[in-house]
Amino acid sequence: MSLSREDLLEFLRAELDLDEPVEDETLLFSSALLDSFSMVSLVAFVEKQAGLRFTPGDVNLGNLDSIGRMLRFVAAKQAR
Amino acid sequence: MIRAGFLRSVALHPDRPALEVGEHTLTYRALDTFARRIAATLAREVTSPRQPLTAVFAQRSPTAYAGVLGALYRGHGYVPMNPDFPVDRLGGMLQRAEVDAVIVDAQGLPKLVELLRFADHPLVVIVPEPLDGLPTVPAPHRLVSADALAEAASDPLPPLEPDAIANLLFTSGSTGQPKGVMVAQRNLVYFIERVLERYALGPEDRFSQLFELVFDLSGFDMFAAWWVGACVCCPTKAQMLTAGQFVHDARLTVWFSVPSTAVLMKRLGFLEPGALPNLRVSLFCGEALPADVTRAWAEAAPQSVVENLYGPTELTLACTWYTWHPERSPAECENGLVPIGEAFPGMSARVVNADLVEVAPGELGELLMAGPQVTLGYWRDAEKTEAAFVVPPGTSAVHYRTGDLVRRAVGGAPMTFQGRADTQIKVRGYRIELGEVEAAIRAEARTDFAVALGWPKNDAGYDGIVGFVAGVSADPKTLKAAVAKRLPAYFGLSRVHVLPEFPLNVNGKVDRKALGRMLEEGFRG
């Protein structure tokens, strides 16, 4: 199970209809590119793709607000 | 008057926190001083207002709350304007409310100059917090910045009549022109008194403030908390995104939100049993409340009373309530929705047919309500006021027509919400309640929310119905086939779209109109 930058970009584009160019550190939620309902889909996608479970404490902007943060979160979680 | 509750707490608990927003904590004393300075500035700058109203063009900031209180201290009603709204809509509100002053925070500043183009009268713009980059305000308008704010006066506050407007709230109108609901001081005080009788609230409590000020439900958080000396905990926009985390970070004890927020929290795993141990009071209002989310919430917050509140803005926040009871409630739910319960003390409900005549117990009808929470009507719109605020035959009291369908209670049973009177549609001449279709979709998709719309439209009604669910893993064709099996063929269900998420309106409710626009624009799933 792995989650790549390309997987995330494709999901944002195809599933969440995000048309703006997104860099690794582009803030997705706090810049209002995505809303809180998109977070549900995004968490479900990351869980499935990376083969892990978010605990409620994991669901925060520190882990989800950019592609870079998501990749780092997944890497740290899988290393545990 | 509604400001009396805050003033009482200033006297009793001056050093307790009244407001936490972002990195700011304001004690009762500090917020009182800030509000008095705004009120004194209003008095100095606007000597003869056209209307006793002041606009607050701010959100989630000390200015927003001090602005509300400052207007009330001045003896004005406040007109909340959300900086996220399109400027055309804001401009229309500004013109129609005939305000002479607008209180602005950092979030309002970027749209300020554009907004002033709509002003057909000289405006005083008060920016009470020290901010950089203040725009040049074109004449004849004037800007009063933080360093020019008047000193707080300890003079007695100007008197207020019970019928004076406490807030003027613009709600969407069916014709596209927002309607301004005039909520009187006495309406709001009556509501808060009923709430304080029902829930044991005190100065140790910490209230959520998830609602924007333009949403009438924000009034509960502010005015109930301030009446008892408690703290209003206002999340920033970023904190709003993870409400499930905010409950813990802010150590909330009183929760009030739309059901959609709870649905979201459930999906993100925040409603595990015992996950919300500090909550004592959990209230939901603003849309239909799904039973399974309520059950999960009650298990997550075992120390909390969990209630469904119901009421349109025209009846002052909420006017019926229902307590969730784990053993009894499941049997009282209908279509998977929690009942709206019974009228507040002093308010009376009447369930009527199209001629405004009461239907028999157990039958469906439109809910009309009368009593001290019936607001003053629509601002500058006698026609719409007369149509919605009526005296039904055989009664002498003004009732508000909610447009909501309920089942008239039998005996002591609670009232149940059955949908909007105006979502009853005709498909090829057959009369159909969209709520029934939505219940069928919810059941088949095993989800909390579904929307059904008449589609496509023809001159007499609709050719069929299209359904929507979100955030479920279902094959649209299989789902549609299963739902269609639950319904008579004449319902004409043509499709059930499975969306990643529902579009939401500014109040956090599912935006049915946006779904309709998607279909008009050729959305095929």
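Model, not experiment: these values are computed from the prediction.

**As for the overall build of chain A**
For chain A, the helix and strand inventory stands at 4 helices and 0 strands. Listed N to C, the secondary structure of chain A is α-α-α-α in terms of helices and strands. Against the compact-globule benchmark of 12 Å for 80 residues, chain A has a radius of gyration of 11 Å, which places it among compact chains. Its C-alpha atoms put chain A at 35 × 25 × 20 Å along the principal axes.

**Structural notes on the interface of chain B and chain A**
Counting residues at the interface gives 13 residues for chain B and 17 residues for chain A. Of the roughly 1,500 Å² buried between chain B and chain A, counting both surfaces, carbon and sulfur atoms make up 74%. Contact with chain A buries surface across chain B, with Leu241, Leu268 and Glu501 of chain B losing the most and accounting together for 38% of the total. For the pair chain B and chain A, the interface holds 0 salt bridges. The interface formed by chain B and chain A holds 2 residue pairs in polar contact (both at pLDDT 80 or more) in total. At the level of elements, helix H8 (237-241) and helix H10 (259-267) of chain B are the ones that each hand at least two residues to the side of chain B that touches chain A.

**Examining the pattern of salt bridges**
Pairing of side chains with opposite charge becomes possible as their charged atoms draw close. Under the counting rule described, the total for this entry stands at 27 salt bridges over all chains. Two residues, Glu47 of chain A and Arg53 of chain A, come together in a salt bridge whose shortest N-O distance is 3.2 Å. A relative accessible area of 16% places Glu47 of chain A in the buried class. Notably, a salt bridge pairs Arg350 of chain B with Glu358 of chain B, separated by 3.9 Å at the nearest N-O pair. Look at Glu358 of chain B and you get partly exposed, because its relative accessible area is 33%. By sharing partners, the salt bridges in this structure join Arg44, Glu45 and Arg142 of chain B into a single network.

**Focus: the pairing of strand S26 (residues 493-499) of chain B**
All names here are of chain B. Judged from the 6 bridges that link them, strand S25 (residues 465-470) and S26 form a sheet pairing that is parallel. Among the inter-strand pairings, Ile465 is bridged to a residue of S26, identified as Leu493. What joins S25 to S26 is helix H15 (residues 476-486), and the crossover it makes is right-handed.

**So, the packing of helix H1 (residues 2-12) of chain B against helix H7 (residues 218-228) of chain B**
All names here are of chain B. Packing of H1 against H7 brings their axes to within 6 Å, and their N-to-C directions diverge by 40 degrees. Overall, the two elements H1 and H7 adopt an arrangement that is oblique. The two elements H1 and H7 meet at a crossing, and its hand is left-handed. Contacts between H1 and H7 involve Ile2, Gly5, Phe6, Arg8 and Ser9 on the former and, on the latter, Phe223, Trp226, Trp227 and Val228. Here the residues of the contact of H1 with H7 sort into 6 nonpolar, 2 polar and 1 charged.

**What to know about H1 of chain B**
Residues and elements named next belong to chain B. Of all the positions in H1, only Ile2, Arg3, Gly5, Phe6, Ser9 and Val10 are classed as buried. The buried residues of H1 occupy an angular sector of 155 degrees when projected down its axis, which confines them to one face. Turned more than 90 degrees away from the buried face of H1 sit Ala11 and Leu12, all of them exposed. At its buried positions, H1 is contacted by strand S1 (17-21), helix H2 (28-45), helix H3 (62-74), helix H6 (185-198) and H7.

**Remarks on the sheet that holds strand S24 (residues 451-454) of chain B**
Residue and element names in this part refer to chain B. As summarised here, the arrangement of the 3 strands in space is S24-S25-S26, forming an open sheet in which the pairing is mixed. Across the chains shown, the open sheet's two edge strands, defined by having one partner strand only, are S24 and S26. Looking at each pair of strands side by side, their axes are set apart by 20 degrees on average, direction ignored. Two strands pair when backbone bridges link them, and S24 and S25 are joined in this way by 4 bridges, in the antiparallel orientation. Within S25, the residue paired with Leu453 across the bridge is Val466. Against the sheet, helix H14 (residues 434-445) makes contact with S24, S25 and S26, and its axis sits at roughly 140 degrees relative to S24, the strand it touches most.

**Quick look at the nonpolar core**
Counting residues in each nonpolar core, the largest one holds 88 residues, and the members touching the most others are Phe6, Leu31, Phe220, Phe223 and Trp226 of chain B. Setting aside its immediate chain neighbours within four residues, Phe220 of chain B contacts Phe191, Val195, Phe207, Ala225, Val254, Phe256, Leu283 and Leu317 of chain B. In terms of nonpolar packing, the next biggest core, distinct from the first, is built from 70 residues, Val40 and Leu52 of chain A together with Ala250 and Val263 of chain B among them.

**Digging into the layout of surface pockets**
There is about 720 Å³ of room inside the second largest pocket. Forming the walls of the second largest pocket are 25 residues, and the residues nearest its centre are Val40, Ser41, Ala44 and Phe45 of chain A together with Gly471 of chain B. Those elements that place two or more of their residues in the lining of the second largest pocket are helix H2 (36-50) of chain A together with H10 and S26 of chain B. Broken down by element, the lining of the second largest pocket gets its largest block of residues, 7 residues, from H2 of chain A. Residue composition of the lining of the second largest pocket, by class: 14 nonpolar, 4 polar and 7 charged.

**Here we look at the pairing of strand S3 (residues 53-57) of chain B**
Moving residue by residue along a regular strand, the side chains alternate between the two faces of the sheet. Residues and elements named next belong to chain B. With 5 of its 5 residues buried, S3 lies for the most part within the structure. Sheet topology places S3 next to strand S4 (residues 77-81); 5 bridges connect them, and they run parallel. Each bridged residue has a counterpart across the sheet, and for Ala55 the counterpart in S4 is Val79. Read from S3 through H3 to S4, the crossover connection turns out right-handed. Two elements, S3 and strand S5 (residues 101-104), share 3 bridges in a ladder whose sense is parallel. Paired with Ala55 across the bridge in S5 is Val102.

Thresholds applied
- Residues numbered from 1 in each chain as written.
- Chains lettered and ligands numbered in written order.
- Predicted model: local features only at pLDDT ≥ 70, side-chain atom pairs only at ≥ 80, totals over all residues.
- Heavy atoms only, no water.
- Helix = DSSP H or I, 4+ residues; strand = E, 2+ residues; numbered from the N terminus.
- Rg over C-alpha atoms; globule rule 2.2 N^0.38 Å.
- Contact = heavy atoms within 4.5 Å.
- Buried area = accessible area lost by both parts, 1.4 Å probe.
- Salt bridge = Lys/Arg side-chain N within 4 Å of Asp/Glu carboxyl O.
- Polar contact = N/O pair within 3.5 Å; in protein donor to acceptor, adjacent residues only side chain to side chain.
- Buried < 20%, exposed > 50% of the residue type's maximum accessible area, 1.4 Å probe, protein only.
- Pairing = 2+ DSSP bridges.
- Right-handed = clockwise from strand over helix to strand, strands pointing away.
- Axes fitted to C-alpha atoms, helices over the stretch in contact; angles between N-to-C directions.
- Parallel < 35°, antiparallel > 145°, perpendicular 65-115°, else oblique.
- Left-handed = near helix turned anticlockwise from the far one by under 90°.
- Nonpolar A, V, L, I, M, F, W, Y, C, P; charged D, E, K, R; others polar.
- Arc of directions from axis to C-beta.
- Core = buried A, V, L, I, M, F, W, Y, C linked by side-chain atoms within 4.5 Å.
- 1 Å grid on protein atoms, 1.4 Å probe; cavity = no way out; pocket = protein on both sides within 12 Å on 5 of 7 lines; lining within 4 Å.
- Points joined across faces, edges and corners; volume = space filled by probe spheres on them.

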